[in-house]
Amino acid sequence: MRKLLIFCLALLTVIVLAACSEEGSSEGEGDDSLTIGISLPSATHGWMGALIDNAENRAEEIQEEHGIDYVMTNAADPNQQANDVDDLISQEVDVIVLLPIESAALSPVGQNVKDAGIPLVVVDRELENDAADVVVKGDNEGIGLNAGKYFIEQLNGEGKVVEITGPPNSVTEQRGAGFEESIADENGIEVVASQDGDFSTETSLEVMENILQAQPEIDAVYTQDDGMALGVVQAIEEAGRDDIQFVTGAGGAKEVFESIRDDGLISGTFLYPPTMIMDGVDVAADIAQGEEPEDDLVIIEATEVTEENVEEYYDPDSKF
């Protein structure tokens, strides 16, 4: 009887140890799970709204296909975004995808990511340091260069031009620098006003209203964003100005494509697709799984879209 009791106790000990071992293994597997942190500005519509949708959709696909979790944050201002990124660092995510609201303001927190040993993928707007492991962006300088060439051709090298820029960040600087370089040798083209439209239709409407009052003669308007182009056109139409020959944008918005197609005041734009965030999330997923990125810089071409090729890019079902 005693031998049977000892045997039963020994068997029970083995079962308990096996259960503990299995539980420890399960916990270990949980510790090995991968997580992508995604920090973006906040928006519900327009280019940024479409980009946020693309980011979440791609992250969900990766979660389903590869079992990689994600945490997404959306910030209304640089301070909030900096706090969001610091929180992702404290959560010890495996990689962070960041679209900075402002380049200078988010550069220090980018360095925090690097110091924490977390790989960083920056999308769209670059930082002012080397914190990013990979940068995914459109060809911002190419947008400016191509727009400048378009203006020279359409104006035959002579005209008074208005420039509506974005807020202070690398995108704004590069699109402005490209345009300036492109028209630098054209003495007949004069930029009579250059103001910040904050990548906002509403702000650009207000800014353009003031410019129209101050400038009695304008031949064309270069805007650094399709949403801003729409605000500019609204201001021009409400003011009843008929001296402005055309407006250009950047991005690839459906409403802008319709203006181009229907011979509206917006006659051209330069592609800067919100789907670029999907490339950034893909790169992050590869890095999280231990793969080395093929390139540290991924650039999407700034294709010119005019009435000649707009039907190739127009999608009536597009959310942007």
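The rules we used
- Residues numbered from 1 in each chain as written.
- Predicted model: local features only at pLDDT ≥ 70, side-chain atom pairs only at ≥ 80, totals over all residues.
- Heavy atoms only, no water.
- Helix = DSSP H or I, 4+ residues; strand = E, 2+ residues; numbered from the N terminus.
- Rg over C-alpha atoms; globule rule 2.2 N^0.38 Å.
- Buried < 20%, exposed > 50% of the residue type's maximum accessible area, 1.4 Å probe, protein only.
- Contact = heavy atoms within 4.5 Å.
- Areas by Shrake-Rupley, 256 points an atom, 1.4 Å probe, with all protein chains shown as cover.
- Lys, Arg positive; Asp, Glu negative; His and termini not counted.
- Charge placed at Lys NZ, Arg CZ, Asp CG, Glu CD.
- Core = buried A, V, L, I, M, F, W, Y, C linked by side-chain atoms within 4.5 Å.
- 1 Å grid on protein atoms, 1.4 Å probe; cavity = no way out; pocket = protein on both sides within 12 Å on 5 of 7 lines; lining within 4 Å.
- Points joined across faces, edges and corners; volume = space filled by probe spheres on them.
- Pairing = 2+ DSSP bridges.
- Right-handed = clockwise from strand over helix to strand, strands pointing away.
- Salt bridge = Lys/Arg side-chain N within 4 Å of Asp/Glu carboxyl O.
- Axes fitted to C-alpha atoms, helices over the stretch in contact; angles between N-to-C directions.
- Expected span 1.5 Å × (residues − 1).
- Parallel < 35°, antiparallel > 145°, perpendicular 65-115°, else oblique.
- Left-handed = near helix turned anticlockwise from the far one by under 90°.
- Nonpolar A, V, L, I, M, F, W, Y, C, P; charged D, E, K, R; others polar.

Asker: Any chance you could break down the overall build of the protein for me, citing the residues and the numbers?
Answerer: A count of helical and extended segments in the protein gives 11 helices and 12 strands. Against the compact-globule benchmark of 20 Å for 320 residues, the protein has a radius of gyration of 26 Å, which places it well outside the compact range. By its C-alpha atoms, the protein is 110 × 40 × 35 Å across when sized along the principal axes. Among the 320 residues that make up the protein, the fraction classed as buried is 49%. In the protein, 73% of the contacts between residues at least 6 apart in sequence involve partners at least 24 apart. A total of about 15700 Å² of accessible surface is found on the protein, and carbon and sulfur atoms cover 45% of it. When the 13 positive and 70 negative side-chain charges of the protein are each reduced to one mean point, those points stand 7 Å apart.

Asker: A description of the nonpolar core should follow, citing residues and the corresponding values.
Answerer: Ranked by internal contacts, the top residues of the largest apolar core, which has 78 residues, are Val121, Met208 and Val247. With residues near it in sequence (within four places) discarded, valine 121 still touches Val95, Ile96, Val97, Leu98, Val134, Val136, Gly280, Val283, Ala284 and Ile287. Core analysis: the next-biggest nonpolar cluster, separate from the first, contains 16 residues, Val85, Leu98, Leu106 and Val113 among them.

Asker: Residue-level account of the layout of surface pockets, with values.
Answerer: Estimates place the volume of the largest pocket at around 830 Å³. Taken together, 36 residues line the largest pocket, and the ones lying closest to its centre are His45, Met48, Asp198, Phe199 and Ser200. Mapped onto the lining of the largest pocket, the elements with two or more residues apiece are helix H2 (46-66), helix H6 (170-183), helix H7 (201-214), helix H8 (226-239) and helix H9 (254-261). Taken as a whole, the second largest pocket holds about 320 Å³ of empty space. For the second largest pocket, the lining is made up of 18 residues, of which Gly252, Pro274, Thr275, Ser318 and Phe320 are closest to its centre.

Asker: Any details on the pairing of strand E7 (residues 189-196)? Residues and values, ideally.
Answerer: For a regular strand, side chains alternate in direction, first toward one face of the sheet and then toward the other. Across seven bridges, strand E6 (residues 159-165) lies against E7 in parallel orientation. Bridge assignment links valine 162 to a residue of E7, and that residue is alanine 193. Following the backbone out of E6, through H6 and into the adjacent parallel E7, one traces a crossover that is right-handed.

Asker: Outline the environment of valine 95, listing residues and values.
Answerer: As for its position among the elements, valine 95 is in strand E3 (residues 95-98). Of the residues examined, valine 95 reaches a relative accessible area of 0% and is grouped as buried. Distance from valine 95 to isoleucine 36, taken between C-alpha atoms, is 5.2 Å for residues 59 residues apart in sequence. What valine 95 contacts, discounting residues up to four positions off in sequence, is Thr35, Ile36, Gly37, Ile118, Pro119, Val121, Ala284, Ile287 and Ala288.

Asker: How would you sum up the side chain of asparagine 140? Please name residues and give values.
Answerer: Inspection of the secondary structure assignment puts asparagine 140 in helix H5 (residues 140-155). Assessed through its relative accessible area of 1%, asparagine 140 is described here as buried. Contact partners of asparagine 140, with chain neighbours within four places excluded, come to Asp124, Val171, Gln174, Arg175 and Tyr272.

Asker: Give me the pattern of salt bridges: which residues, what numbers.
Answerer: This model, assessed by the stated rule, comprises eight salt bridges. Aspartate 282 is paired through a salt bridge with arginine 58; the nearest N and O atoms lie 2.6 Å apart. Here the residue aspartate 282 occupies a position in helix H10 (residues 276-288), and arginine 58 occupies one in helix H2, the gap between them amounting to 224 residues. What makes aspartate 282 partly exposed here is its relative accessible area of 25%.

Asker: Pulling in residues and values, what's your account of the sheet that holds E3?
Answerer: If you walk across this open sheet you meet the six strands as E2-E1-E3-E4-E5-E11, and the pairing is parallel. Two strands lie at the open edges of the sheet, namely strand E2 (69-75) and strand E11 (297-300), each paired on one side alone. Between one strand axis and the next, the sheet turns through 15 degrees on average, direction left out of account. Against the sheet, H2 engages strand E1 (35-41) and E2, with an angle of about 165 degrees to E2.

Asker: Help me get a handle on the sheet that holds strand E8 (residues 220-223), residues and values and all.
Answerer: Strand order in the open sheet formed by six strands is E7-E6-E8-E9-E10-E12, with mixed pairing between adjacent strands. Both edges of this open sheet fall to E7 and strand E12 (304-305), since each of them pairs with a single strand only. In this structure, strand E10 (residues 266-270) lies alongside E12, joined through two bridges in antiparallel fashion. Residue threonine 269 lies in a different strand from E12, and its bridge partner there is valine 305.

Asker: Requested: an account of H7, with residues and values cited.
Answerer: Here H7 contains 14 residues, and its C-alpha end-to-end distance of 20 Å stays within 8% of the 20 Å for a straight helix at 1.5 Å per residue. Among the residues making up H7, those that are buried are Ser204, Leu205, Val207, Met208, Ile211 and Leu212. Turning to H7, the residues buried within the fold contact E6, E7, E8 and H8.

Asker: Which residues make up the packing of H2 against H10, and what values go with them?
Answerer: Interaxial distance between H2 and H10 falls to 8 Å at its minimum, and their mutual angle equals 30 degrees. Between H2 and H10, the angle falls in the class roughly parallel. The hand of the H2/H10 crossing is right-handed. Between H2 and H10, the contacting residues are Trp47, Leu51, Asn54, Ala55, Arg58, Ala59 and Ile62 on the first element and Met276, Ile277, Met278, Val281, Asp282 and Ala285 on the second. The class makeup of the residues in the contact of H2 with H10 is 10 nonpolar, one polar and two charged.

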